[in-house]
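Per-entry structural report
Read off the chains here:
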Amino acid sequence: MKHIVIAIDGPSASGKSTNARMVAALLNYVYVDTGAMFRTLAWHCLQNRVDVHDAKAVAGLLRKWKARLDCVEGKVRLLVDGYYPEKEIRTAETSAAVAHVAAIPKVRDWMKKTQRECIQFGNLVMEGRDIGTHIFPETDFKFWLDAPLHERAGRRQAEGVHENLAARDERDSQRAAAPLMPALGAHKINNSGMTPEQSANLIITEVHRRLEHRKTARHK
Ligand code: DC
């Protein structure tokens with residue numbers, strides 16, 4: 001692989017976004033929020049009155065939609081008809097719909113292809129649920145973040161978001177296609193009680209350690 005991909009996976013509210021953004025800024029890598037891509041499709045389904053439980057209808061919409069990637073200020077965005085639905089994808093309605101869309105195998109195929117194309121923008125910090133297991137299984141830089149459910153639910157509440165995290169985690173973990181689980185070789189961080197800076201520092205330290213290890217292995 002020409003560029004480095006840092007894969008950060010974990011359940012909802014495990015600190016992936018905050019950590020991935022910090023790590024990307026500190027290393028000057030491009031940040032990719034893959035959850036935002038699934039949310040964009042869920043939003044597009046709602047806009048077009050496509051039932052998110054109907055895999056065939058969603059796959060039909062996926063074949064037709066005019067979606068493309070761009071990269072602005074170190075962040076990859078997915079545009080639909082040239083529009084970036086930044087706010088719309090965070091509504092409660094979209095959050096409730098997204099795990100259904102994410103369970104559809106054709107959706108996951110499309111996402112895999114598109115998410116791998118992000119490498120065109122350079123070294124990446126990519127956060128999601130299956131980056132280390134399915135999207136870039138070849139990367140040496142895999143991380144798994146987690147914290148107890150009550151703490152993760154508290155984080156969401158503090159952000160003013162009320163949603164059933166346990167239900168969404170269960171749907172993400174139980175689906176047949178690319179279920180939520182730690183990748184082999186992932187460095188696991190339970191960030192319970194940590195500040196975002198502390199857990200981001202743990203990631204950076206481990207990335208440096210693995211980079212060093214790579215260098216010495218090459219010189220042997
Ligand atoms: O991280 P998030 O809450 O924005 O993710 C939204 C949903 O998308 C989440 O319920 C699971 C799904 N998702 C996924 O299945 N695979 C990813 N790589 C990222 C998100």
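Above: the structure in question.
Report follows, based on the coordinates. All of these numbers come straight from a predicted model, not from anything done at the bench.

So, on to the layout of surface pockets. What the largest pocket holds in volume is close to 910 Å³. Along its surface, the largest pocket is lined by 42 residues, and Ala13, Ser17, Arg90, Glu127 and Arg156 are the ones closest to its centre. Where the lining of the largest pocket is concerned, the elements lending two or more residues are α1 (16-27), β2 (30-33), α2 (34-47), α4 (92-102), β5 (124-128), α7 (149-158), α8 (165-174) and α9 (196-219). Looking at the lining of the largest pocket residue by residue, the classes come out as eleven nonpolar, twelve polar and 19 charged.

It is worth spelling out the site of the ligand at this point. Close to the ligand lie 16 residues; Arg39, Arg108, Arg129, Arg168 and Arg175 are nearest. At a separation of 2.7 Å, an oxygen atom of the ligand approaches a polar side-chain atom of Arg39. Asp172 has a polar side-chain atom sitting 3.1 Å from an oxygen atom of the ligand. Considering the ligand on its own, with 450 Å² of exposed area, one finds that the protein chains cover 97% of that surface.

Across the two faces of β2 the burial is the same, with Val30 and Val32 and Tyr31 and Asp33 all buried. With four bridges connecting them, β2 and β5 associate as parallel partners. For Val32, the partnering residue across the bridge sits in β5 and is Met126.

By the element assignment, Val52 lies in the loop between α2 and α3 (55-64). Classification of Val52 as buried rests on a relative accessible area of 8%. For the pair formed by Val52 and Ile104, sequence separation is 52 residues and the distance between their alpha carbons is 9.3 Å. Setting aside chain neighbours within four positions, we find Val52 in contact with Cys45, Val58, Ala97, His100, Val101 and Ile104.

About the thresholds
Residues numbered from 1 in each chain as written. Predicted model: local features only at pLDDT ≥ 70, side-chain atom pairs only at ≥ 80, totals over all residues. Heavy atoms only, no water. 1 Å grid on protein atoms, 1.4 Å probe; cavity = no way out; pocket = protein on both sides within 12 Å on 5 of 7 lines; lining within 4 Å. Points joined across faces, edges and corners; volume = space filled by probe spheres on them. Helix = DSSP H or I, 4+ residues; strand = E, 2+ residues; numbered from the N terminus. Nonpolar A, V, L, I, M, F, W, Y, C, P; charged D, E, K, R; others polar. Near = heavy atom within 4 Å. Polar contact = N/O pair within 3.5 Å; in protein donor to acceptor, adjacent residues only side chain to side chain. Areas by Shrake-Rupley, 256 points an atom, 1.4 Å probe, with all protein chains shown as cover. Buried < 20%, exposed > 50% of the residue type's maximum accessible area, 1.4 Å probe, protein only. Pairing = 2+ DSSP bridges. Contact = heavy atoms within 4.5 Å.

Note that all results are geometric; they support no functional claim without further evidence.
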